[in-house]
Amino acid sequence: DVFLFPTERDEAAPLILPQAMACGLPVIASKRGGIDEVIDRPGGNGILVPPGDVRALAEAAMGLYCDEAFRVRLAEGALTRVRDAYTLERMVASTVAVYEIARDRSQRRGR
């Protein structure tokens, strides 16, 4: 019903979050590393809690448990986020952009 990702580790590119969101699950995750790039609208497409804050995690989970309408809105927001930002075309374009940045930096250094 809900996907919890209460990591205390830095997550540069947490791929598990878009996968859970693509399943239409509301997500509660630690605000750590690149997680806030996936959940870019807290309260709209996921919930972010401080790393290691068990109380905040429990309160967020209880909030979703007690409020079905919010749970449904969050799940819909998560699914919309994935459909907008994590398509194959978008992922390929982002990867190519990283390589182009690296190429341009290398050329500026004369390599």
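Below is a short write-up of the structure.

Conventions and cut-offs
Residues numbered from 1 in each chain as written. Predicted model: local features only at pLDDT ≥ 70, side-chain atom pairs only at ≥ 80, totals over all residues. Heavy atoms only, no water. Helix = DSSP H or I, 4+ residues; strand = E, 2+ residues; numbered from the N terminus. Expected span 1.5 Å × (residues − 1). Buried < 20%, exposed > 50% of the residue type's maximum accessible area, 1.4 Å probe, protein only. Arc of directions from axis to C-beta. Contact = heavy atoms within 4.5 Å. Polar contact = N/O pair within 3.5 Å; in protein donor to acceptor, adjacent residues only side chain to side chain. Pairing = 2+ DSSP bridges. Axes fitted to C-alpha atoms, helices over the stretch in contact; angles between N-to-C directions.

## Brief notes about helix H3 (residues 54-66)
Then step 1. Between its first and last C-alpha atoms H3 spans 18 Å; for 13 residues at 1.5 Å apiece the expected length is 18 Å, and the two agree.
Then step 2. When H3 is considered as a whole, its buried residues turn out to be Ala56, Leu57, Ala60 and Leu64. In an axial view of H3, the angular spread of the buried residues amounts to 105°, which keeps them on one side of the axis. Exposed residues lying more than 90 degrees from the buried face of H3 are Val54, Arg55, Glu59, Tyr65 and Cys66.
Then step 3. Against the buried residues of H3 lie strand E1 (3-5), strand E2 (27-30), strand E3 (47-49) and helix H4 (68-85).
Then step 4. With a side-chain oxygen lying 3.3 Å from the backbone nitrogen of Arg55, the N-terminal cap of H3 falls on Asp53.

## So, the side chain of Thr7
Then step 1. Turning to its location among the elements, Thr7 is positioned in the loop between E1 and helix H1 (16-22).
Then step 2. The buried category is assigned to Thr7, whose relative accessible area is 11%.
Then step 3. Within polar-contact distance, the side chain of Thr7 engages the backbone nitrogen of Arg9 at 3.0 Å.
Then step 4. Residues within four places of Thr7 in sequence aside, it is in contact with Ser30, Ile35 and Pro51.

## Some words on the sheet that holds E1
Then step 1. If you walk across this open sheet you meet the 3 strands as E1-E2-E3, and the pairing is parallel. Edge positions in the open sheet fall to E1 and E3, since each of these has one partner strand only. The sheet shows a mean angle of 15° between the axes of neighbouring strands, taken without regard to direction.
Then step 2. One ladder, built from 3 bridges, connects E2 with E3; its direction is parallel.

These results come straight from atomic positions and should not be treated as a statement about function.
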